[in-house]
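Residues per chain, in single letters:
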Amino acid sequence: MQIPFLSRHPRVALLRLSGLIAARGGIGPGGPLNVETIGPVLERAFALKRAAAVVLAINSPGGSPVQSSLIAQRIRQLAEKHKLPVIACVEDAAASGGYWLACAADEIVADPSSIVGSIGVISASFGVEELAAKLGIERRLATAGEQKSFLDPFRPVQPWERERLEQLLGTLHGEFKAWVRARRGERLKAPQADLFNGRFWTGREALPLGLIDRLGDARGEIRRRFGEKAQIVPFGVKRPPLPLRLLRGAAVMVEERAAWGRLGF
């Protein structure tokens, strides 16, 4: 029997970050990733006794830029506090906000077939003004503030609204690009205009571009760095019982399905 406090083998925290990144957490744990649900798990992983490193197993199509930033900043704060190296290991995807999280690590490892990148920002909605008119639906709306009904789906998009949306998306894109530059620095090997246009690549394609550091997987990377006898300690948000998972709501599931769909999954 191995007694943990007597073992001299390296201990590595393996933290799984999976799913859509969104502020709403659903009912209980197991919903989208956000700083509220994953923050306590991060705290426990970085506080692991005698830890040699924290490995992030990332499998996310992205989502909220704010939650991506908050989680990434929490990772960096804890890494500096505990003086631990952080390694991101991409599984199916670290795209958009998922890549934002990966850049919080000191090094990024990916499978040759992983999806990596998608450094961009997207906004999607619907306009139903013509459908409402055909159905004889009258829109009754009152606001105090001329821009309060920004992008109301029951009326055509106004030129000022389109301009304002482009400004917002450009500002958020600038934050994303600044984060990638700060974290990847001189490791980026392609023109930034090509890297930051929203395109995504496979892990094998991303390697010569400098978006990742090596090809591999989480457990293989741990063994390579810390030896065959390294003790892997898994961390993650526990999944709730099936009835509670079903109560997360159709809107969240549809949004997550759409996010994965943009990557071809």
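In short, a report on the structure. (Residues numbered from 1 in each chain as written. Predicted model: local features only at pLDDT ≥ 70, side-chain atom pairs only at ≥ 80, totals over all residues. Heavy atoms only, no water.)

**With respect to the overall build of the chain**
Of the regular secondary structure elements, the chain holds ten helices and eight strands. Taking all 265 residues of the chain together, 41% fall into the buried category. Counted over contacts in the chain with a minimum sequence separation of 6, partners at least 24 positions apart contribute 71%. (Helix = DSSP H or I, 4+ residues; strand = E, 2+ residues; numbered from the N terminus. Buried < 20%, exposed > 50% of the residue type's maximum accessible area, 1.4 Å probe, protein only. Contact = heavy atoms within 4.5 Å.)

**Thoughts on the pattern of salt bridges**
The full count for this structure, using the stated rule, is ten salt bridges. Asp106 is the salt-bridge partner of Arg76, the closest N and O atoms lying 3.6 Å from each other. Here Asp106 lies in the loop between α3 (97-102) and β4 (107-110) and Arg76 lies in helix α2 (residues 65-82), a separation of 30 residues in the sequence. A residue is classified by how much of its surface remains accessible, and Asp106, at 29% relative accessible area, is partly exposed. (Salt bridge = Lys/Arg side-chain N within 4 Å of Asp/Glu carboxyl O.)

**Details of the pairing of strand β8 (residues 231-235)**
Among the five residues of β8, four are classified as buried, and the element is accordingly described as predominantly covered. Where strand β1 (residues 11-18) meets β8, five bridges bridge the pair, whose relative direction is parallel. Bridge pairing links Val12 to Ile232 in β8. (Pairing = 2+ DSSP bridges.)

**Side note on α2**
Given 3.6 residues to a turn, an α-helix orients residues that are three or four positions apart in the same direction. Relative to the 26 Å expected for 18 residues at 1.5 Å per residue, α2 spans 26 Å between its end C-alpha atoms, a close match to the ideal helical length. Elements in contact with the buried residues of α2: β1, α1 (35-46), β2 (51-60), β3 (86-95), α3 and α5 (159-184). Positive backbone phi, approximately 55 degrees, marks Lys83, located one or two places after α2. (Expected span 1.5 Å × (residues − 1).)

**A closer look at a nonpolar patch on the surface**
Taken together, the side chains of Leu131, Leu135 and Ile137 define a hydrophobic patch exposed on the protein surface, amounting to about 310 Å² of accessible area. Within the secondary structure, Ile137 sits in the loop between α4 (129-134) and α5. (Patch = residues over 30% accessible without salt bridge, like charges linked within 9 Å, V, L, I, M, F, W, Y side chains within 5 Å. Areas by Shrake-Rupley, 256 points an atom, 1.4 Å probe, with all protein chains shown as cover.)

**Looking at the nonpolar core**
Formed by 51 residues in total, the largest nonpolar core has its most connected members in Leu17, Phe46, Ile71, Ile75, Tyr99 and Leu211. Broken down by element, the residue count for this core peaks at six residues, all from α1. When residues no more than four places from it in sequence are discounted, the contact partners of Ile71 are Ile21, Leu33, Asn34, Val35, Ile38, Leu42 and Leu101. (Core = buried A, V, L, I, M, F, W, Y, C linked by side-chain atoms within 4.5 Å.)

**A look at the environment of Arg183**
Among the structural elements, Arg183 can be located in helix α5. The spacing of Arg183 and Ala105 is 78 residues in sequence and 8.2 Å in space, taken between C-alpha atoms. Apart from residues lying up to four places away in sequence, Arg183 is in contact with Arg76, Cys103, Ala104, Ala105 and Asp106.

**A few points about the packing of aromatic side chains**
Taken as a whole and assessed by the stated rule, the structure comprises one aromatic pair. With a centroid separation of 4.8 Å and 20 degrees between ring planes, the pair formed by Trp100 and Phe176 is classed as stacked. Here Trp100, found in helix α3, pairs with Phe176, found in helix α5; they are 76 residues apart in sequence, far enough to count as distant. (Phe/Tyr/Trp six-rings, centres within 6.5 Å; stacked < 30°, edge-to-face > 60°.)

**Digging into the environment of Pro65**
Mapped onto the elements, Pro65 comes out in helix α2. Judged by its relative accessible area of 29%, Pro65 falls in the partly exposed class. In contact with Pro65, not counting residues within four places along its chain, are Trp100 and Leu172.

**What to know about the side chain of Ser64**
For Ser64, the position within the fold is in the loop between β2 and α2. Only 3.3 Å separates the side chain of Ser64 from the backbone nitrogen of Val66, close enough to count as a polar contact. In this structure, Ser64 is in contact with Ile21 and Ala22, ignoring residues within four places of it in sequence. (Polar contact = N/O pair within 3.5 Å; in protein donor to acceptor, adjacent residues only side chain to side chain.)

**Thoughts on unusual backbone geometry**
A positive phi is found at Arg50, a non-glycine position, where the angle reads about 60 degrees. Along the chain, the position of Arg50 falls in the loop between α1 and β2. Positive phi, close to 55 degrees, is recorded for Ser96, a residue that is not glycine. Mapped onto the elements of the fold, Ser96 is located in the loop between β3 and α3.

**Considerations on the side chain of Ser68**
Within the fold, Ser68 resides in helix α2. We classify Ser68 as buried; its relative accessible area is 0%. Of the polar contacts made by the side chain of Ser68, one reaches the backbone oxygen of Ser64; its length is 2.7 Å.

**Side note on the pairing of β3**
Along β3, eight of the ten residues are buried, which leaves the element largely enclosed by surrounding structure. Sheet topology places β2 next to β3; six bridges connect them, and they run parallel. Of the residues in β3, the one forming a bridge with Val55 is Ile87. Handedness of the crossover is the feature at issue here: the chain leaves β2, passes through α2, returns alongside β3, and the resulting connection is right-handed. Pairing analysis gives four bridges linking β3 to β4, with the strands arranged parallel. Its bridge partner being in β4, Val90 is matched across the sheet by Ala110. Here β3 pairs with strand β5 (residues 115-117) via three bridges, running parallel. Along β5, the bridge assignment pairs Ala93 with Ile115. (Right-handed = clockwise from strand over helix to strand, strands pointing away.)

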